[in-house]
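If you want the building blocks of each chain, they are given just below.
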Amino acid sequence: MKRTRRTFVNVITSAVTYAVNLVTAFVVQSVLVDTMGTDYNGINGLFGSIISMMSLADLGIGTAIIYHMYRPMAERNQRQINSLLRFYRRCYVGISGVVLLIGIVVGVFIPLLVGEVEIHDSIYLIYAFFLADCLCSYFLAYKKSLLYADLMNYIPDTIYFLTYIVQNALQIYVLLVFQNFILFLILKMLGKCVPNLFISLYIRRKYPFTAERCTEPVEKEIREDIVTKVKGLLCHKLGKIIVTGSDSIVITGILGIKVMSLYTNYRLVIAGITALLSKMFETLTNSVGNFLLDSSQEQRRDVFKKVDFINFWFFGLVAAGLYAVLQPLVELWMGKDFLFDKTVVFVLVINFYLDGMRASVNTFKEAAGIFHEDRRIPLIEALLNLVASVVLAGVIGTAGVFLGTILSTAVVYLYSYPRYVCGPLFDITGRQYVGMTVRHLLVMLSVLGITEFCIAGMEDWNLWVRLVLSGAAATAVFHAVFLLLYGRSGELRYYMDLIRGRIWSGQEGKDC
């Protein structure tokens, strides 16, 4: 399977499996509330959040090691591959120990975190299963890096998907028949171990050399580079946690819990869609990493423009759709009392769009291992976000919180991306990149303006009719503007050829 086709299969597999997973997760959540009650659901959410915070202990070691595995996989350097795998395994053993230690310390304060709840299971036993579930995620997980570096993401994605479907079906059965939360958690834990075991067996069969026990230690230069990249990745993780969490803190602290309850509904919809689209672009990272090994700046620039084009197409279209359907969707779901005004929705959509447009640059940035060079940028962005959101929230209310987040992205789009990614990788000047970004943004604003004109008269219509027609209007407006401005572009012709199968027939060249 050639590089372009394998990339295409990876993206489609990732998108479909993640979308189905989102739906099934919603079903399981609904059954959990109906059978076990809100206290169990609250504990499930609280402990899930605590465990997800512990994932910071990973420090991005997997990302750094996969970066160093692209070349040895391309060259089938078995000695170096085994050395990296052994190093990765030792790192995960150490990480597991750190997570266990942190988990035990946090466990002491569990009663204070939970408060008064009406459940018939031991709160410590439930927490222990959540902690075990986290540790199980590290079980044999290091081996899948081999498949990612070999552009075979669809193998682990498919295995995880099938296991997840079976796990959810069994969890629903256990809840409906036995109403047993402990069995529910045991199945969740097995859902981490079983797919990793299957992936390990697949790797043992496909790459028999990985069974060799006598391996040399990782070269000193590679080990030092991994440590350097991990330090940079830690700054990126911390910055992301602050940026994603500060909006909720500012809203609750300045505007109150009632406003936060409104935002929670919008965030659930937007976060789910963001995660789905971002997953598709994350899948490209390994293909791009392989492509960067033997490509010139001109070839990289050409492929980047294609990735950025599809990035704008996807996130622009979804942003227009969200602007049109968010209000009727939330009103159908929660009622009219849970609606933000249109200004807040507009700012939320622009924030969604700008956050999504990072995907194309981040794909190349991560594939090229650019983590240490811009390590201070996410921390600066987080500080700017917090200050701007606090100030603007006090001045213009809820919209100011998200406007502050938008303004903080200037340090990324105007400085970080041009200097650390676009210049070194593509020989694209800061002025060229900023010009391209501003042009996309102006097109997006025009689309939103025309969409608002088209849907303004629908506010008193039946909600279901309004939802369908608003979404259809936004889709039509976006594609009309999109085809008018980009219909003759080389990037659109490339994707049309890809859909028709011409590139699969052997014309893919260096594209990823």
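In short, a report on the structure. Just so we're clear, the structure is a prediction, and the values are computed from it rather than from any experiment. (Residues numbered from 1 in each chain as written. Predicted model: local features only at pLDDT ≥ 70, side-chain atom pairs only at ≥ 80, totals over all residues. Heavy atoms only, no water.)

### Digging into the overall build of the protein
Applied cut-off: Numbering of helices and strands starts at the N terminus; helices are DSSP runs of H or I of at least 4 residues and strands are runs of E of at least 2. Here the globule rule is a power law, 2.2 Å times the number of residues to the power 0.38, and the radius of gyration is based on C-alpha atoms. Note on contacts: a residue pair qualifies if any of its non-hydrogen atoms lie within 4.5 Å across the two residues. His residues and chain termini do not enter the charge count, which takes Lys and Arg as positive and Asp and Glu as negative. Charge coordinates come from a single atom per side chain, which is NZ of Lys, CZ of Arg, CG of Asp or CD of Glu.
Secondary structure assignment for the protein yields 20 helices and zero strands. Compactness check: the protein gives a C-alpha radius of gyration of 24 Å against a globular reference of 24 Å for 512 residues, within 12% of the reference. Along the three orthogonal principal directions, the C-alpha set of the protein runs to about 70 × 65 × 45 Å. For the protein, the proportion of contacts with a sequence separation of at least 24, taken over those separated by at least 6, is 83%. Averaged over its 46 positive side-chain charges, the protein has a centre that lies 8 Å from the centre of its 38 negative ones.

### Some thoughts on the environment of Ser246
As a reminder of what qualifies: Burial classification: accessible surface area is computed with a 1.4 Å probe over protein chains only, and a residue below 20% of its type maximum counts as buried, one above 50% as exposed, and the rest as partly exposed.
The topology assignment puts Ser246 in helix H10 (residues 220–255). Here Ser246 falls in the buried class, since its relative accessible area comes to 4%. Sequence separation between Ser246 and Arg76 is 170 residues, and the spatial gap between their C-alpha atoms is 45 Å.

### Thoughts on the packing of helix H18 (residues 430–455) against helix H19 (residues 463–486)
Our working rule: Note on method: axes are straight lines fitted to C-alpha atoms, helices fitted across the in-contact stretch only, with angles between N-to-C directions ranging 0 to 180 degrees. An angle below 35 degrees is read as roughly parallel, one above 145 as roughly antiparallel, one from 65 to 115 as roughly perpendicular, and any other as oblique. In this scheme, a crossing is called left-handed if the near helix is turned counterclockwise away from the far one by less than a right angle; it is called right-handed if the turn is clockwise. Each residue is assigned to one of three groups, with Ala, Val, Leu, Ile, Met, Phe, Trp, Tyr, Cys and Pro labelled nonpolar, Asp, Glu, Lys and Arg labelled charged, and all others, Gly among them, labelled polar.
Two numbers describe how H18 lies on H19: the axes approach to 9 Å, and their chain directions differ by 140°. On the basis of their axis angle, the class for H18 and H19 is oblique. Seen from above, H18 lies across H19 with right-handed handedness. Only Ser470, Ala473, Ala474, Val477, Phe478, Val481, Leu485 and Tyr486 of H19 make contact with H18, whose side of the interface consists of His440, Val443, Val447, Ile450, Thr451, Cys454 and Ile455. Looking at the contact of H18 with H19 residue by residue, the classes come out as twelve nonpolar, three polar and no charged.

### Observations regarding the packing of aromatic side chains
Spelled out, the test is: Here the aromatic set is Phe, Tyr and Trp, taking the six-membered ring for Trp, and pairing holds for ring centres within 6.5 Å; pairs whose planes are under 30 degrees apart are stacked, those over 60 apart are edge-to-face, and all others are tilted.
In the structure shown here, the tally under the stated rule is 29 aromatic pairs. Ring centres of Tyr173 and Phe178 lie 6.1 Å apart, and the angle between their planes is 80°; this geometry places the pair in the edge-to-face category. Judged by its relative accessible area of 48%, Tyr173 falls in the partly exposed class. Where Phe304 meets Phe364, the ring centres are 5.8 Å apart and the plane angle is 80°; that geometry is what we call edge-to-face.

### Section: the pattern of salt bridges
The test is simple: Any Lys or Arg side-chain nitrogen located within 4 Å of an Asp or Glu carboxyl oxygen qualifies as a salt bridge.
Tallied over the full model, the rule gives nine salt bridges. Here Arg466 ties to Glu331 by a salt bridge, and the two come within 3.8 Å at their closest N and O atoms. Placement of Arg466 in helix H19 and of Glu331 in helix H12 (residues 297–334) is noted, with a sequence separation of 135 residues between them. Since its relative accessible area comes to 10%, Arg466 is described here as buried. Classification of Glu331 by relative accessible area gives buried; the value is 16%.

### Notes on H12
Inclusion rule: Fitting one axis to the seven residues ending at a residue and another to the seven starting there, the bend at that residue is the angle between the two axes.
Along H12, the helix axis deviates most sharply at Val325, where the bend reaches about 50°; the proline Pro328 sits within four residues downstream. Positive phi appears at Gly335, one or two residues downstream of H12, with a value of about 110°.

### Examining a positive patch on the surface
Worth spelling out the cut-off: Within the patch definition used here, like charges are joined within 9 Å and nonpolar side chains (Val, Leu, Ile, Met, Phe, Trp, Tyr) within 5 Å, considering only residues with over 30% relative accessible area and no salt bridge. For accessible areas, the Shrake-Rupley method is used with a probe of radius 1.4 Å. Any residue's cover is judged against the shown protein chains and nothing else.
Residues Arg89, Arg90, Arg204 and Arg213 make up a contiguous surface patch of positive charge. Positionally, Arg213 belongs in the loop between helix H9 (181–206) and H10.

### A look at the environment of Ile66
With respect to the helices, strands and loops of the structure, Ile66 is situated in helix H3 (residues 61–75). Residue classification places Ile66 among the buried residues on the basis of a relative accessible area of 13%. Each C-alpha atom of the pair Ile66 and Gly369 lies 9.5 Å from the other, and the pair is 303 residues apart in sequence.

### A word on the state of the cysteines
As a reminder, the rule being used: Working definition: a disulfide is two cysteine sulfur atoms within 2.5 Å of each other.
Scanning the model with the defined rule gives zero disulfides in all. Its sulfur unpaired, Cys136 is 3.2 Å from the next cysteine sulfur, which belongs to Cys193. Looking at Cys136, the relative accessible area reads 15%, which means it is buried.

### Focus: unusual backbone geometry
Of note, Arg76 is a non-glycine position whose phi angle comes to about 55°, a positive value. Take Arg76: it is sitting in the loop between H3 and helix H4 (78–108). You will see that Gln179, though not glycine, has its phi angle at about 50°, which is positive. Here Gln179 lies in the loop between helix H8 (154–177) and H9. For Gln179, a relative accessible area of 42% gives the class partly exposed.

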